[in-house]
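Residues per chain, in single letters:
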Amino acid sequence: MLRVDFRRALPDFALDIRFEAGSGITALLGRSGAGKTQTINHLAGLLRPDSGRIAIDERVLFDSARGIDVAPEKRRLGYVFQEDRLFPHMTVAGNLKYGLGLVPAAARRISLDEVIGLLGIEALLERRPRRLSGGERQRVAIGRALLTSPDLLLMDEPLANIDPPRRAEILPFIERLRDQLGIAIVYVSHNMAEIIRLADDVALIDRGRIVTHGPVEDVMSRLDLRPLIGRHDAGAVLVARVAEHDPVDRLTRLTSAAGELFVPRMDLAIGAEIRVRLRSRDISLSLEEPGANSILNRFRGRVVAIHDEEGAQGDVEILAGDGARIWARVTHRSIRTLALAPGTEVWAMIKSVAIDRRSLGRAGPARD
Amino acid sequence: MTPLEIEALSLSLKVALWSVLGVLLPGTALAWLLARRNFPGKAVLDALVHLPLVVPPVVVGYLLLVLLGRRGPLGAALYDLFGVTLVFSWQGAAIAAGVMALPLYVRAVRLSFESVDERLETAARTLGAGRLRVFATVTLPLIVPGLLTGVVLAFARALGEFGATITFVSNIPGQTRTLPLAIYSALQSPDGEAAALRLTILSVILAFAAIAASELIARRYGRALES
């Protein structure tokens with residue numbers, strides 16, 4: 001368990017950071033300039049807090065009260081930077097072995113062969129970094145950090161400098177770190193899809209402060225954080241379970257607290273837990289049970305509140321199914337015509353195609 | 001070649017080699033300080049290092065004489081403690097050549113220190129390497145091209161050094177008469193034109209050989225980085 005509680009005055013703003021990160025992936029989410037990278041640089045020992053304490057379990061990395069400030073090379077934290085930062089004068093193998101050689105044999109928790117297999121880089125070993133693609137380089141950088149057998153892995157937007165189509169090549173490898181190695185990761189990002197796919201917990205950071213911190217589903221469902229999370233992506237994040245595959249229509253039926261969902265067929269075992277996102281702009285409302293129409297997914301629910309937004313639309317908050325909180329973005333005119341008010345029974349309709357496949361990610365391993 | 005030519009040539013090589021060897025450590029340290037550190041008096045140190053580049057070599061030679069001569073503060077101490085006299089000796093000539101070569105070396109190496117991406121050094125720290133190891137395994141290998149350039153410049157400058165040498169250690173055959181001094185001496189004698197010409201050709205060949213050798217090494221190293 002990483003426990004962070006420190007303060008630091010910087011020229012532009014002050015960092016006041018307090019959060020904890022257990023096993024699995026904790027995402028540090030925030031807009032650019034919010035202080036994400038500075039925060040993990042303080043964890044890594046590259047920057048020094050004015051005061052506070054940083055510790056992993058019983059191992060104290062920094063404690064201003066006791067005058068402890070462990071040097072970066074002694075913190076046993078792996079750091080994957082936004083740019084790969086591979087050593088240009090060494091081969092891929094040389095880069096991988098750089099940190100490995102500095103770890104006493106008894107303290108090694110992962111072997112070179114394991115890392116090479118995990119990241120699929122066996123064909124690259126003799127090459128120089130400049131001969132690699134961006135995605136390959138970042139995979140080598142992840143491997144290099146893993147081979148130091150760190151207690152915790154820091155990742156600073158590892159996909160930010162990679163072309164969007166290539167990002168899909170790396171995401172599965174990061175999922176493998178989470179699911180196969182079980183290593184704790186602090187993952188900096190401002191990309192919603194990435195976080196929903198990868199993270200277990202989110203710490204939301206704004207102007208140098210951790211605004212909230214908790215499981216992804218909870219943080220994403222908080223309306224008051226919309227301005228920080230981003231309007232376009234706003235919506236409910238639900239845990240769903242694979243219930244059935246329909247080979248004829250090539251659909252997969254999911255169950256969730258909100259109700260049943262049909263999505264394009266997914267290659268997952270029955271019972272597998274996934275995470276789905278229902279964006280509020282993809283949900284429309286009806287007072288009666290919708291008749292014949294092409295929309296497959298519909299939930300019965302009750303309006304809890306109506307949040308006025310500037311512009312033509314408002315957010316209608318609905319408790320659907322067994323109490324799952326979802327939002328529908330509808331025009332003020334519709335709110336008036338349908339006489340929507342707290343207590344109104346409604347049907348929420350979600351086009352199955354509107355469930356963004358990229359946002360379907362496996363939920364992390366059981367949290368302790 | 002005549003025995004005198006061989007003597008001047010080997011003396012020149014010896015003086016230049018030793019002066020470059022002497023410059024390596026303090027020159028690299030100075031370059032690192034100027035490139036990476038901020039401290040009070042940095043501008044003064046910078047100016048001091050560059051002094052030999054801007055004042056006439058004779059002035060440098062004279063300052064060395066004042067400082068390291070038998071009655072100079074440093075020279076007297078050297079003589080009293082170790083019985084060493086630098087004046088009129090090839091070691092003195094190497095010191096004069098080294099002081100003249102230092103700024104060129106520092107400039108080249110400082111530039112390459114500045115061109116090293118410090119983020120790579122930070123990455124090495126997070127991988128478990130202490131400062132010294134980072135310097136030896138990341139910084140140093142990355143500045144090798146700059147070091148080579150610095151060595152070649154320093155070597156060439158040392159080979160051609162004249163003013164500071166003749167002022168500090170005089171022009172003694174077999175002791176301090178390097179190629180440039182030998183050319184000068186030849187020109188002073190009534191029929192030394194032919195000898196001077198031969199010595200000049202010798203100097204040119206020597207300079208070309210040095211540059212060719214450094215190019216070869218640099219290219220090899222560059223290829224190793226490319227593959």
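Residues numbered from 1 in each chain as written. Chains lettered and ligands numbered in written order. Predicted model: local features only at pLDDT ≥ 70, side-chain atom pairs only at ≥ 80, totals over all residues. Heavy atoms only, no water.

1. Some remarks on the UniProt feature "domain: ABC transmembrane type-1" (unreviewed entry) in chain B
Then, number 1: The sites that carry the UniProt feature "domain: ABC transmembrane type-1" (unreviewed entry) are, in the present numbering, residues 9–212 of chain B.
Then, number 2: Along residues 9–212 of chain B one finds 80% helix and 0% strand; the C-alpha atoms at either end are 18 Å apart. (UniProt positions renumbered as here; feature names shortened; annotations may be inferred. Helix = DSSP H or I, 4+ residues; strand = E, 2+ residues; numbered from the N terminus.)

2. Here's the deal with the confidence of the model for chain B
Low pLDDT marks regions whose predicted coordinates should not be analysed in detail.
All names here are of chain B.
Then, number 1: For chain B, mean pLDDT is 91; residues scoring 70 or higher make up 98% of the total.
Then, number 2: By mean pLDDT, helix α11 (residues 193–226) is the weakest element of chain B at 84, and helix α6 (residues 118–126) is the strongest at 96.
Then, number 3: The ipTM value of the predicted complex is 0.80, and its pTM value is 0.80. (pLDDT = per-residue confidence, 0-100.)

3. Observations concerning the packing of helix α1 (residues 3–36) of chain B against helix α2 (residues 42–54) of chain B
How two helices sit against one another is set out by the angle between their axes and by the gap between those axes.
All names here are of chain B.
Then, number 1: The geometry of α1 relative to α2 is characterised by a closest axis approach of 11 Å and an angle of 140° between their N-to-C directions. One way to sum up the angle between α1 and α2 is to call them oblique. The handedness of the crossing between α1 and α2 is left-handed. Residue-level contacts link Leu30, Leu33 and Leu34 of α1 to Lys42, Leu45, Asp46 and Val49 of α2.
Then, number 2: When the residues that make up the contact of α1 with α2 are grouped by side-chain class, the tally is 5 nonpolar, no polar and 2 charged. (Axes fitted to C-alpha atoms, helices over the stretch in contact; angles between N-to-C directions. Parallel < 35°, antiparallel > 145°, perpendicular 65-115°, else oblique. Left-handed = near helix turned anticlockwise from the far one by under 90°. Contact = heavy atoms within 4.5 Å. Nonpolar A, V, L, I, M, F, W, Y, C, P; charged D, E, K, R; others polar.)

4. Things to note about the pattern of salt bridges
All names here are of chain A.
Then, number 1: Enumeration over the complete set of coordinates arrives at 37 salt bridges over all chains.
Then, number 2: Residue Asp5 is joined to Arg7 by a salt bridge in which the shortest nitrogen-to-oxygen separation is 3.1 Å.
Then, number 3: The exposure class of Arg7 is partly exposed, given its relative accessible area of 27%.
Then, number 4: Across the pair Glu175 and Arg197 runs a salt bridge, and its minimum N-O distance is 2.9 Å. One end of the pair, Glu175, is in helix α5 (residues 164–181); the other, Arg197, is in helix α6 (residues 192–198), with 22 residues separating them in the sequence.
Then, number 5: On the accessibility criterion, Glu175 (6% relative accessible area) is buried. (Salt bridge = Lys/Arg side-chain N within 4 Å of Asp/Glu carboxyl O. Buried < 20%, exposed > 50% of the residue type's maximum accessible area, 1.4 Å probe, protein only.)

5. Section: the nonpolar core
Then, number 1: If you look at the biggest cluster of nonpolar residues, it comprises 47 residues, and the most contacted ones within it are Val15, Val106, Val109, Phe168 and Leu179 of chain B.
Then, number 2: Broken down by secondary-structure element, the contributors of at least two residues to this core are α1, α3 (57–68), α5 (90–115), α8 (144–160), α9 (163–169), α10 (179–188) and α11 of chain B.
Then, number 3: Look past the residues within four positions of Val15 of chain B in its chain and what remains in contact with it is Trp90, Ala93, Ala94, Ala97 and Thr178 of chain B.
Then, number 4: Counting residues in hydrophobic clusters, the runner-up holds 46 residues, among them Val80, Val92, Tyr187 and Leu225 of chain A. (Core = buried A, V, L, I, M, F, W, Y, C linked by side-chain atoms within 4.5 Å.)

6. Remarks on the domain arrangement of chain A
Residue and element names in this part refer to chain A.
Then, number 1: If you check the domain split of chain A, you get domain 1 (2–227) and domain 2 (235–361).
Then, number 2: The straight-line distance from the C-alpha centre of domain 1 to that of domain 2 is 34 Å.
Then, number 3: With 14 residues of domain 1 at the interface, the matching set in domain 2 holds 13 residues.
Then, number 4: Together domain 1 and domain 2 conceal approximately 1,200 Å² of surface at their shared face, both sides included; 53% is due to carbon and sulfur atoms.
Then, number 5: At the surface where domain 1 touches domain 2, the tally comes to 1 salt bridge.
Then, number 6: The residue Glu217 makes a salt bridge to Arg275 at a minimum N-O spacing of 2.9 Å.
Then, number 7: In this structure, the connection of domain 1 to domain 2 is made through 3 residue pairs in polar contact (both at pLDDT 80 or more).
Then, number 8: Listing elements by their share of the side of domain 1 that touches domain 2, those giving two or more residues are α6 and α7 (216–220).
Then, number 9: The element that contributes the greatest number of residues to the side of domain 1 that touches domain 2 is α6, accounting for 5 residues.
Then, number 10: Here the residues of the side of domain 1 that touches domain 2 sort into 8 nonpolar, 1 polar and 5 charged. (Domains from an automatic or database assignment. Buried area = accessible area lost by both parts, 1.4 Å probe. Polar contact = N/O pair within 3.5 Å; in protein donor to acceptor, adjacent residues only side chain to side chain.)

7. Quick notes on the interface of chain A and chain B
Then, number 1: Listed as interface residues are 23 residues of chain A and, on the opposing side, 22 residues of chain B.
Then, number 2: Interface area, chain A with chain B, both sides summed: about 2,000 Å², of which 62% is carbon and sulfur.
Then, number 3: Considering only the surface of chain A that becomes buried against chain B, Glu73, His89 and Tyr98 of chain A emerge as the three largest contributors, covering 29% of it.
Then, number 4: Along the contact surface separating chain A from chain B lie 4 residue pairs in polar contact (both at pLDDT 80 or more).
Then, number 5: Elements supplying a minimum of two residues to the side of chain A that touches chain B: β7 (77–80), α2 (92–100) and α4 (134–146) of chain A.
Then, number 6: In the side of chain A that touches chain B, the residues fall into 13 nonpolar, 3 polar and 7 charged.

8. Some points on the sheet that holds strand β19 (residues 324–331) of chain A
Residues and elements named next belong to chain A.
Then, number 1: With antiparallel pairing, the 5 strands of this open sheet are ordered in space as β16-β20-β17-β18-β19. Since the sheet does not close on itself, it has two edges, and those belong to β16 (283–286) and β19, each with one partner. Across the sheet, the mean angle from the axis of one strand to that of its neighbour is 45°, orientation sign disregarded.
Then, number 2: Across 7 bridges, the pairing between strand β17 (residues 297–308) and strand β18 (residues 313–320) is antiparallel. Among the inter-strand pairings, His307 is bridged to a residue of β18, identified as Asp315. (Pairing = 2+ DSSP bridges.)

9. A few points about the environment of Thr139 of chain B
Residue and element names in this part refer to chain B.
Then, number 1: Structurally, the position occupied by Thr139 is in helix α7 (residues 131–142).
Then, number 2: On the basis of relative accessibility, which here comes to 2%, the residue Thr139 falls in the buried class.
Then, number 3: Spatially, the C-alpha atoms of Thr139 and Thr167 are 39 Å apart, while their sequence positions differ by 28 residues.
Then, number 4: Sequence-distant contacts of Thr139, that is, excluding residues within four places in its chain, are made with Phe113, Val116, Glu121 and Val134.

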